[in-house]
Amino acid sequence: MNNLELIKPQRQSILGVAVIFFSNLRKAFNFFLAVVFVNLGTKFRILSLGLEEWAYILSAVFLVISYLQYLKFTFYIKGDNFVIEKGVLSQEKINVPFARIQTVNTHQNIVQRILGVVGLKIDTAGSIQNEIQIPALSKKHAQQLREYLMERKYELKEEDAAQDLDEARVDPSAGDSFDNLKIDSKPILELSIKDLLLVGLTQNHFRSGLFLFAIVNGYVWQFEDFLLKPFESYLEETAQSFLTQWIILLPFAILVFLIISVLASLVGTALTHFQFKFFLGEDGMRMSSGLISKNTFNVPFGKIQYFKWESNPLRALIGYYTLRIKQAGTEAINDRKLISIPGIQARSLIKVLNRQYPDRKKMAYQSFQINNLLFIQLAVWLGLIPSLLALVFNFFLIEILWIYPLILCYLALVLFFSYRYFLSYKVKVNPDFTLIKRGWVFPTTLLIPNYKLQNISLKQSIFQKRRAIASLQLYTAAGGENISHLPYNEAHELYNYLLFCIESSKLKWM
């Protein structure tokens, strides 16, 4: 694709009408289900027309609207900007400078895969969301457009690098856009069906179960009048007996919750990480995965702020880690678009770290010891206070004697795990990197290049002032990380040292 082709406004594939239509239809269905069907149900009739007649009419209306949206959606190049114009009743014109483009990724949902088209998403520096999404392009057109956008980005970057030789890491004159980097033909990680099963079985099932419960509970409350009405009489009859037998039913409820949570973890893993492939290049990395929606992510090394890898007891047994890639952007972007690599083994993790940070062990690290106030706070908030509340609740309301040994066992376990967590908390710093390790059951390690830090704050609570300790908050373009309960003198020393590292570094954070 050359520049002349993009000077004139272009439209996406004609199949984009179908993609836009199904997107509009899905939104309309959610609204219809939540507002109309719940209130009127199968008795739905407006202007003497029933549910089926209105479905045909609305489908025809949405088809016309989708075609108009397709006609009004154009994109082109103007100077050093990629421009998109869209909107039927209210027109919108978006200009994205090439220099602001961070990554250009492809996406395929189930409709796009059936039609044989792909969506293109352009992520820009500091945007709260993707500023440009082109729903339907042919695979060849999408590839050409993606390569062209990244080439123009790096051409501008090369021009700036002529004035500042430390700025650019990519040489577009060699003919390498991000999509044409020297990437190993063989991925360093490819998840098989067996790997997916192991990753799914070693997920945080408690989190998966709570997430599923929140979704189901939200729908139940939203449609409670419609869904629960047939069971009202039964619920009223069994409510009292349920309250009196809740202790007997509790183990059964926990078992059902665990089974559903494991199934939710397995399904979620399959949907997200099916056919997962991870490639390394000289200037970035590439990942692709997805069962129903297939996504491809391109991550330039310059956009990566720091790495975070973690494990759990089950994954530790099979030698698996989860590597989380923290990219530059607003906090909303990082919460919504966090790229994680599941099931990565130690040798692959080290290969990634060596490629991105080859000098991370070149300089000696200085260690900082965490104050034992961390252990005291964990023991009080997670152990002592819940135990006292349970004792009061049992003494005044239930009066079950065998609960007391359970409370004592719980308190002993919390004290043990809190102490182990306190011992696992390590902070190491050298002129180039800050390394933070924490967690015993769920160990987590963060490796942050000091030049990526945007700001540092030193904080003291009332309890910390009395014990002469403080906490540090490290801010990067990908969010913040906390270092808790350092002796005040050491915290102040580390604060000044990291500020010196930031100010004296000539490296660019992006």
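Rules and cut-offs
- Residues numbered from 1 in each chain as written.
- Predicted model: local features only at pLDDT ≥ 70, side-chain atom pairs only at ≥ 80, totals over all residues.
- Heavy atoms only, no water.
- pLDDT = per-residue confidence, 0-100.
- Contact = heavy atoms within 4.5 Å.
- Helix = DSSP H or I, 4+ residues; strand = E, 2+ residues; numbered from the N terminus.
- Buried < 20%, exposed > 50% of the residue type's maximum accessible area, 1.4 Å probe, protein only.
- Pairing = 2+ DSSP bridges.
- Axes fitted to C-alpha atoms, helices over the stretch in contact; angles between N-to-C directions.
- Salt bridge = Lys/Arg side-chain N within 4 Å of Asp/Glu carboxyl O.

On to the confidence of the model for the protein, then. For the protein, mean pLDDT is 82; residues scoring 70 or higher make up 80% of the total. Low pLDDT (under 50) marks residues 165–181, which in the prediction has 47 contacts with non-local residues, meaning those over four places away or in another chain. Scored below 50 in pLDDT, residues 330–336 shows 15 contacts in the model against residues more than four places distant or in partner chains.

Attention now goes to the environment of Ser424. Inspection of the secondary structure assignment puts Ser424 in helix α15 (residues 403–424). Here Ser424 falls in the buried class, since its relative accessible area comes to 16%. For the pair formed by Ser424 and Trp440, sequence separation is 16 residues and the distance between their alpha carbons is 6.0 Å. Once residues lying within four places of it in the same chain are set aside, the contact partners of Ser424 are Lys437, Arg438, Gly439 and Trp440.

Glancing now at the sheet that holds strand β18 (residues 453–459). Across the sheet, 3 strands lie side by side as β18-β19-β20; this open sheet has antiparallel pairing. Two strands lie at the open edges of the sheet, namely β18 and β20 (479–487), each paired on one side alone. Neighbour-to-neighbour, the strand axes of this sheet turn through a mean angle of 20 degrees, independent of strand direction. For β18 and strand β19 (residues 469–476), the ladder comprises 6 bridges, and the chain directions are antiparallel. Bridging from a neighbouring strand, Lys459 pairs with Ser471 of β19.

Here we take up the sheet that holds strand β5 (residues 117–124). With antiparallel pairing, the 7 strands of this open sheet are ordered in space as β6-β5-β4-β10-β9-β8-β7. The open sheet has two free edges, formed respectively by β6 (132–138) and β7 (189–190), since each of these has just one partner strand. Direction of pairing for strand β4 (residues 101–108) relative to β5: antiparallel, over a ladder of 6 bridges. The residue bridging Val104 from the neighbouring strand is Ile122, located in β5.

Position of Arg420 relative to the elements: it lies in helix α15. Sequence separation of Arg420 and Trp440 is 20 residues, and the distance between their C-alpha atoms is 6.2 Å.

One pass over the structure, following the stated rule, counts 6 salt bridges. Put simply, Lys303 and Asp123 hold a salt bridge, and the shortest N to O gap is 2.4 Å. Taken together, the positions of Lys303 in the loop between β10 (294–300) and β11 (304–310) and Asp123 in strand β5 put the pair 180 residues apart, joining distant regions of the chain. Note on accessibility: Lys303 and Asp123 belong to one class, buried. Notably, a salt bridge pairs Glu190 with Lys277, separated by 3.9 Å at the nearest N-O pair. Separated by 87 residues along the polypeptide, Glu190 in strand β7 and Lys277 in strand β8 (residues 277–280) bring together distant segments of the chain. According to the relative accessible area criterion, Lys277 is partly exposed, its value standing at 32%.

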